[in-house]
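# Descriptive analysis of the structure
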Amino acid sequence: MIRLNPNYEKLQSDYLFVEIAHRVSKHIADNPKRKLIKLGIGDVTRPLSPTVIRAFHRGVDDQASEETFKGYGPEQGYLFLRIAIARNDYHERGCDSIDESDIFVSDGAKCDTGNFQELFASDIRIALPDPVYPVYSDSNVMAGRAGFAKNGRYRGLIYLKGNEVNGFVSSPEELKNNPADLVYLCFPNNPTGATATREQLCEWVQWALNQRTIILYDSAYEAFITDPSIPRSIYEIPGAEKCAVEFRSFSKTAGFTGVRCAYTVVPGALEIGGIKLQDMWNRRHSTKFNGVSYPVQVAAAATYSAEGKREIKENIDYYLTNAKTILDAMNSLGYQCWGGLNSPYVWVKTDEDSWLTFDRILNGADVVITPGSGFGKMGRGYIRISAFNSAENVREALERIVDLIGKM
Ligand code: PLP
């Protein structure tokens, strides 16, 4: 008789954003006349830049004539895009160890971060930050690497503590008595906005090299790093090409959340027991994925032109100005905050149940934020406020929150 994957039963109730959507729909139904402002889900609001749109149109026009028509493309991505990525995102930043053969273009960092665990044995020990983007834990639960959850944590997974003491950047010291085979890191972090210094990343790379283990490094928000002393890629750390995989996305960098384009870097130097992870990922990618559409890749490549870079930076700066507005307003209310400087997220300590704060701000200010507890046990007592909205809406939302909380 057919049987289902029993691991799905272990997944904790609703995915965070499904629960938010449910509460927001009810609020809209109950209050149809009130203007709702969303600073919750991390989705961009600004349109694609003019240079990207022109390239996108060119890519579509190419599909209209026999001479330029493209059918299936290479599963790994067109060479023109992989070369542009290697040159601009790595060589120009001094990461000479990375070249185009290490780049695998995909339709999202969500799929890549969720799928990469397939390359590893089912009984390896996984360490991941708490709080963090929920895809890392849930994809490992689905794959059978964890037991049922208790008190917000899956049995069998190793959680790295993010808290006020370490500024939401954990250290490999935590794994001294509880060694892991694979560790997920995410900087700038979703949800806390924390970034890791060069020294902190060096510590992780040294640990991974010594332990002969692997770091899966999610840098989907690297474009928001403005402080030149903070690494934007793990490959800025010598030796990382022998122990780390990096996930990047055009989603937040260039507004591609609806267009879908990302990439994963699997360096050729990364081997386990003489087997190249790059060969395994290539096999997996070629078997289960048929490439990102050609016009989307042409549009993504345009982000690396001089005009494209300038326009994208303008959009990033726009969101960072919003983040500063949020940070200033929450600080003015006396809240302790993290992130918001090299990240589009502001992480606020409220010291009460996160869903309670969520409901209070939704009902009292008609503003949607994200409860920190949705990102892990350590997120309880915190909320995440996203800078992805228009400057006008962000200002109005924060005025309403200041008004609401100031009166309490
Ligand atoms: N990684 C992190 C840390 C994210 O926060 C997100 C989206 O919110 C993603 C990856 C997903 O990116 P993509 O749109 O490329 O799937």
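Worth saying up front: this structure is predicted, and the values here are computed from it rather than measured.

Attention now moves to unusual backbone geometry. Here the residue pair Asp130 and Pro131 is connected by a cis peptide bond, since its omega of 5 degrees sits within 30 degrees of zero. Mapped onto the elements of the fold, Pro131 is located in the loop between strand E3 (126-130) and helix H5 (135-142). Of note, the amide linkage connecting Asn190 to Pro191 takes the cis form, showing an omega dihedral of 20 degrees. A positive phi angle is found at Phe168, which is not glycine, with a value near 65 degrees. Here Phe168 is to be found in the loop between strand E6 (158-161) and strand E7 (182-186). Overall, Phe168 belongs to the buried group, its relative accessible area being 5%. In this structure, Asp351 takes a positive phi of about 60 degrees despite not being glycine. Mapped onto the elements of the fold, Asp351 is located in the loop between strand E14 (345-349) and helix H11 (354-365). Taking relative accessible area as the criterion, Asp351 reaches 62% and is therefore assigned exposed.

Once that is clear, we can look at the packing of helix H2 (residues 50-62) against helix H9 (residues 294-302). Packing of H2 against H9 brings their axes to within 8 Å, and their N-to-C directions diverge by 150 degrees. With respect to their mutual orientation, H2 and H9 come out roughly antiparallel. As H2 runs across H9, the sense of the crossing is right-handed. Residue-level contacts link Thr51, Val52, Ala55, Phe56, Gly59, Val60 and Asp62 of H2 to Tyr294, Pro295, Val296, Val298, Ala299 and Ala302 of H9. In terms of residue class, the contact of H2 with H9 is made up of ten nonpolar, two polar and one charged.

Read across the sheet, seven strands follow the order E2-E10-E9-E8-E7-E3-E6 without closing on themselves; strand pairing throughout is mixed. Edge positions in the open sheet fall to strand E2 (103-106) and E6, since each of these has one partner strand only. Each neighbouring strand pair of the sheet contributes to a mean axis angle of 20 degrees, computed without reference to strand direction. The pairing of strand E9 (residues 244-249) with strand E10 (residues 262-265) spans four bridges and is antiparallel. Looking at the pairing, Ser249 lines up with Ala262 of E10. In this fold helix H3 (residues 79-90) packs onto E2, E9 and E10, with an angle of close to 115 degrees to the strand it touches most, E2. Contacts from helix H6 (residues 198-211) reach E6, E7 and strand E8 (214-218) within the one sheet, and its direction differs from that of E8 by about 145 degrees.

About the criteria used
- Residues numbered from 1 in each chain as written.
- Predicted model: local features only at pLDDT ≥ 70, side-chain atom pairs only at ≥ 80, totals over all residues.
- Heavy atoms only, no water.
- Helix = DSSP H or I, 4+ residues; strand = E, 2+ residues; numbered from the N terminus.
- Buried < 20%, exposed > 50% of the residue type's maximum accessible area, 1.4 Å probe, protein only.
- Axes fitted to C-alpha atoms, helices over the stretch in contact; angles between N-to-C directions.
- Parallel < 35°, antiparallel > 145°, perpendicular 65-115°, else oblique.
- Left-handed = near helix turned anticlockwise from the far one by under 90°.
- Contact = heavy atoms within 4.5 Å.
- Nonpolar A, V, L, I, M, F, W, Y, C, P; charged D, E, K, R; others polar.
- Pairing = 2+ DSSP bridges.

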